[in-house]
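Chain and residue survey
Each chain, letter by letter, is given below.
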Amino acid sequence: MDYIRNYLITFAGNFTFSYYIFEEGTFAKPLMFATFMLLLIMTIDYMKSRNKYTLD
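The following refers to the structure shown. The residue numbers shown here count from 1 along each chain, following its written sequence. It should be noted that, the model being predicted, local features are given only for residues of pLDDT at least 70 and side-chain atom pairs only at 80 or more, the latter also being counted only at that level, while totals for whole chains, interfaces and linings use all residues. Calculated side-chain values reflect all of the structure's heavy atoms, with hydrogen atoms and water omitted.

1. Quick look at the pattern of salt bridges
Two side chains with opposite charge may pair up if their charged atoms get near one another. Think of a salt bridge as a Lys or Arg side-chain nitrogen and an Asp or Glu carboxyl oxygen that are within 4 Å of each other. The final tally for this structure, using the stated rule, is two salt bridges. Put simply, arginine 5 and aspartate 2 hold a salt bridge, and the shortest N to O gap is 2.6 Å. Of this pair, arginine 5 and aspartate 2 both sit in helix 1 (residues 2-22), separated by three residues, roughly a single helical turn. Take arginine 5: its relative accessible area is 49%, and that puts it in the partly exposed class. Residue glutamate 24 pairs with lysine 29 through a salt bridge whose shortest N-O separation is 3.2 Å. Classification of residues uses two cut-offs on accessible area relative to the type maximum, computed with a 1.4 Å probe and protein chains only: under 20% is buried, over 50% is exposed, and between them is partly exposed. According to the relative accessible area criterion, glutamate 24 is partly exposed, its value standing at 45%. To qualify as a helix, a DSSP run of H or I must reach at least 4 residues; to qualify as a strand, a run of E must reach at least 2; elements of each kind are numbered from the N terminus.

See below:
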């Protein structure tokens, strides 16, 4: 549940900041950018949890 909350906060932050960066007045580009960033972050988290690297 902790991961879901972090993902939602990240998605909302990416959407908000990209809305002000693109400055078009539409939601298409910010929504697409925030979605792709969320998928990228989720993929990286999954790959990191799958491959547990240790120094042993």
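2. Some words on the side chain of serine 18
Within the fold, serine 18 resides in helix 1. Every residue pair with non-hydrogen atoms within 4.5 Å of one another is taken to be in contact. In contact with serine 18, other than residues within four places in its own chain, are Pro30 and Phe33.

3. Points about the packing of aromatic side chains
Between 30 and 60 degrees the pair is tilted, below 30 it is stacked and above 60 it is edge-to-face, where a pair is any two Phe, Tyr or Trp rings, Trp via its six-membered ring, whose centres lie within 6.5 Å. In total, this model carries four aromatic pairs according to the counting rule given. Judged by centre distance (5.8 Å) and plane angle (75°), the rings of tyrosine 19 and tyrosine 20 are edge-to-face. Relative accessible area serves as the criterion here: at 59%, tyrosine 20 is assigned to the exposed category. Ring centres 6.2 Å apart and planes at 80° place the aromatic pair phenylalanine 22 and phenylalanine 33 in the edge-to-face group. With phenylalanine 22 in helix 1 and phenylalanine 33 in helix 2 (residues 28-50), the pair connects residues that are 11 residues apart, well separated along the chain. We classify phenylalanine 33 as partly exposed; its relative accessible area is 36%. An aromatic cluster is present here, built from Phe15, Tyr19, Tyr20 and Phe27 joined pairwise through their rings.

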